[in-house]
Amino acid sequence: MKQDRLFAEQARREIGRTGIRVSPLGFGTLKFGRNTGVKYPTPFDLPDDDTINELLDACLDMGINLLDTAAAYGTSESRLGEILCKRGDGDAWVLSTKAGEDYDTGESVFDFSPEAIIASAERSLRRLRVDSVACLLLHSDGVAERSFGETGVFDALDDLKTRGLVRAVGASIKTPEGAAIAIPRSDVLMIEYSFASPGMSESIDAAGAAGVGVFLKKVLGSGRVGDGYDMSAADALRFVFEKPAVTSVLIGTLCLEHLVENAERAIAALGNDGGG
Ligand SMILES: NC(=O)c1ccc[n+]([C@@H]2O[C@H](COP(=O)([O-])OP(=O)(O)OC[C@H]3O[C@@H](n4cnc5c(N)ncnc54)[C@H](OP(=O)(O)O)[C@@H]3O)[C@@H](O)[C@H]2O)c1
């Protein structure tokens, strides 16, 4: 299915002060590679390559250029690496991945030591079949982030930048305390924020004021919009795009119709050209 381009080039937003420009709606690829130990309301099968290609085609057709993955998303990184390599359109995408959580044994293991973060980043590049990625975020468990200021982990991220392996660094953060520690050392943060989970509102504003980019996750309550949550998906998107600090909203889906709906709703929330 060929989609009209919805997000105009000029509507792309800069990730903090990095010069990297992304569509205000990004695509989360957790469901490409992992269907256990996840918090979605209904079980699902991992998609086949044709489904992934169809979703990626639709993203590009609509002007969506940001792909979010993580070392902990099962086979997501390696599948993206293989599929983007075959497609030959790797340059069209801004890739963002994460380090610090592994899920290789079927349960989450966290290690935020500088050595582990560097090894994870290097493995992500091999899995993604690229020489560098746009963004690397610490995949916080919500506890470790309180000591990120003392462990040297941000120095490890800076080393990866100096080596040219990543362009922007930061953290996926769960607490205001973690955000306050991460903001001075980050180009971009990932934060859960929705009408049902608005607790990180001030941290988003603080990141924006500091010139740090903000990626939002779980804006549809991980798929619970309309299922016990008292707000429509359209209102859910309007709610999050009211925040000027937001760079991009990451939504994951295996359903083409949902992807198109989300893009249309994001455009409606932002204005006709996908700007804001
Ligand atoms: N940093 C972290 O710790 C972290 C944690 C979780 C997620 N993330 C990232 O953030 C992304 C989004 O998070 P999320 O998947 O937890 O939450 P979400 O975006 O709030 O919800 C995604 C879920 O909503 C469903 N959905 C999407 N569009 C829909 C629509 N128009 N109508 C009805 N249902 C719809 C999807 O199911 P269908 O497949 O059926 O459409 C999917 O299961 C992930 O893909 C991942 O990249 C990061």
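Here is what the cut-offs are and how they apply
Residues numbered from 1 in each chain as written. Predicted model: local features only at pLDDT ≥ 70, side-chain atom pairs only at ≥ 80, totals over all residues. Heavy atoms only, no water. Core = buried A, V, L, I, M, F, W, Y, C linked by side-chain atoms within 4.5 Å. Buried < 20%, exposed > 50% of the residue type's maximum accessible area, 1.4 Å probe, protein only. Helix = DSSP H or I, 4+ residues; strand = E, 2+ residues; numbered from the N terminus. Contact = heavy atoms within 4.5 Å. Pairing = 2+ DSSP bridges. Right-handed = clockwise from strand over helix to strand, strands pointing away. Axes fitted to C-alpha atoms, helices over the stretch in contact; angles between N-to-C directions. Parallel < 35°, antiparallel > 145°, perpendicular 65-115°, else oblique. Left-handed = near helix turned anticlockwise from the far one by under 90°. Nonpolar A, V, L, I, M, F, W, Y, C, P; charged D, E, K, R; others polar. Expected span 1.5 Å × (residues − 1). Patch = residues over 30% accessible without salt bridge, like charges linked within 9 Å, V, L, I, M, F, W, Y side chains within 5 Å. Areas by Shrake-Rupley, 256 points an atom, 1.4 Å probe, with all protein chains shown as cover. Salt bridge = Lys/Arg side-chain N within 4 Å of Asp/Glu carboxyl O. Lys, Arg positive; Asp, Glu negative; His and termini not counted. Charge placed at Lys NZ, Arg CZ, Asp CG, Glu CD.

Caption draft 1: View of the nonpolar core. Within the largest apolar cluster, 68 residues are counted, with the highest numbers of intra-cluster contacts made by L138, L189, L216, V249 and L259. Among the elements that make up this core, the one with the highest residue count is helix 9 (residues 256–270) (seven residues). Excluding its chain neighbours within four sequence positions, the residues that come into contact with L259 are F27, L55, A58, C59, M62, I64 and T253. Ranked by size, the runner-up nonpolar core spans 13 residues in total, among them C135, L137, M190 and L250.

Caption draft 2: Structural detail: the side chain of S120. For S120, the position within the fold is in helix 4 (residues 114–128). Excluding residues within four positions of it along the chain, S120 makes contact with A71, K98, A99 and G100.

Caption draft 3: Looking closely at the pairing of strand 9 (residues 166–173). Within strand 9, seven of the eight residues are buried, leaving the element largely enclosed by the surrounding structure. Sheet topology note: the strand 8 (residues 133–139)/strand 9 ladder contains six bridges and is parallel. Note that in strand 9 the partner of V133 across the bridge is V166. Note that the unit made of strand 8, helix 5 (residues 153–162) and strand 9 has a crossover that is right-handed. Across four bridges, the pairing between strand 9 and strand 10 (residues 188–192) is parallel. Residue pairing across strands places I173 opposite I191, the latter belonging to strand 10. Taken together, strand 9, helix 6 (residues 176–182) and strand 10 constitute a β-α-β crossover, and its handedness is right-handed.

Caption draft 4: Expanded view of the packing of helix 8 (residues 233–241) against helix 9. Look at helix 8 against helix 9: their axes get within 9 Å of each other, and the N-to-C directions meet at 50 degrees. Looking at the two axes, helix 8 sits oblique to helix 9. For helix 8 against helix 9, the interelement crossing comes out right-handed. Between helix 8 and helix 9, the residues in contact are A233, A234, L237, R238 and F241 and N262, R265, A266, A269 and L270, respectively. Residue composition of the contact of helix 8 with helix 9, grouped by class: seven nonpolar, one polar and two charged.

Caption draft 5: The side chain of T247, seen in detail. By secondary structure assignment, the location of T247 is in the loop between helix 8 and strand 12 (248–251). Overall, the relative accessible area of 3% leaves T247 in the buried class. Setting aside residues up to four positions removed in sequence, T247 forms contacts with R13, E14, I15, V22, S23, P24, G213, V214 and F215.

Caption draft 6: Representation of helix 3 (residues 76–87). Helix length check: helix 3 (twelve residues) gives 16 Å between terminal C-alpha atoms against 16 Å at 1.5 Å per residue, within 8%. Looking only at helix 3, the buried set comprises S76, E77, R79, L80, G81, I83 and L84. Tucked inside the fold, the buried residues of helix 3 contact helix 1 (30–33), helix 2 (49–62), strand 4 (66–68), strand 5 (94–99) and helix 4. Positive phi appears at G88, one or two residues downstream of helix 3, with a value of about 75 degrees.

Caption draft 7: Quick peek at a negative patch on the surface. Together, D48, D50, E54 and E257 make up a negatively charged patch on the protein surface. As for its position among the elements, E257 is in helix 9.

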